[in-house]
Amino acid sequence: MGEMPIIDKAKCDGCGLCVSVCACGALKLVEKTVQAIEVDECRWCTLCELVCPNEAISCPFEIIIEND
Ligand code: SF4
Ligand code: SF4
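Since we're looking at a predicted model, the values are computed, not measured.

Re the overall build of the protein chain
Counting its regular elements, the protein chain contains 2 helices and 4 strands. Starting at the N terminus, the α and β elements of the protein chain follow one another as β-α-β-β-α-β. Relative to the globule expectation of 11 Å for 68 residues, the C-alpha radius of gyration of the protein chain, 12 Å, shows essentially globular dimensions. A principal-axis box enclosing the C-alpha atoms of the protein chain has dimensions of 45 × 20 × 20 Å. Going through the 68 residues of the protein chain one by one, you find that 29% of them count as buried. At a minimum sequence separation of 6, the contacts of the protein chain that also span at least 24 residues come to 51%.

Structural notes on the site of ligand 2
The local shell around ligand 2 holds 13 residues, among which Cys 12, Cys 15, Gly 16, Cys 18 and Cys 52 are the closest. Here the residues of the shell around ligand 2 sort into 9 nonpolar, 3 polar and 1 charged.

Observations concerning the site of ligand 1
Lining the immediate environment of ligand 1, one finds Pro 5, Cys 22, Cys 24, Ala 26, Leu 27, Cys 42, Arg 43, Trp 44, Cys 45, Thr 46 and Cys 48. When the residues that make up the shell around ligand 1 are grouped by side-chain class, the tally is 9 nonpolar, 1 polar and 1 charged.

A look at the nonpolar core
In this structure, Cys 18, Leu 27, Val 34 and Cys 48 are the most contacted members of the largest nonpolar core, which totals 15 residues. Val 34 has contacts with Ile 7, Cys 12, Cys 18, Val 19, Leu 27, Lys 28 and Leu 29, leaving out every residue within four places of it along the chain.

Quick notes on the rules
Residues numbered from 1 in each chain as written. Chains lettered and ligands numbered in written order. Predicted model: local features only at pLDDT ≥ 70, side-chain atom pairs only at ≥ 80, totals over all residues. Heavy atoms only, no water. Helix = DSSP H or I, 4+ residues; strand = E, 2+ residues; numbered from the N terminus. Rg over C-alpha atoms; globule rule 2.2 N^0.38 Å. Buried < 20%, exposed > 50% of the residue type's maximum accessible area, 1.4 Å probe, protein only. Contact = heavy atoms within 4.5 Å. Near = heavy atom within 4 Å. Nonpolar A, V, L, I, M, F, W, Y, C, P; charged D, E, K, R; others polar. Core = buried A, V, L, I, M, F, W, Y, C linked by side-chain atoms within 4.5 Å.

Below, the structure written as structure tokens:
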């Protein structure tokens, strides 16, 4: 199982922005709170973290691009 973004439910107001930027269908709104549903679908793009206006999402992973 891969790592998923961590959602602080207390900060999430259900705006749905993260769901719309996630191209992988990994996030879903359930009763006005976002949840990480499809763990295997997350491609660690970190867009959900960037787009959230309430800083409710934090991605515990770091993307490292190595050049030859
Ligand atoms: S890191 Fe990217 S793929 Fe994973 S849940 Fe967030 S927006 Fe979706
Ligand atoms: S962008 Fe942030 S506040 Fe909006 S639904 Fe996603 S986690 Fe919640």
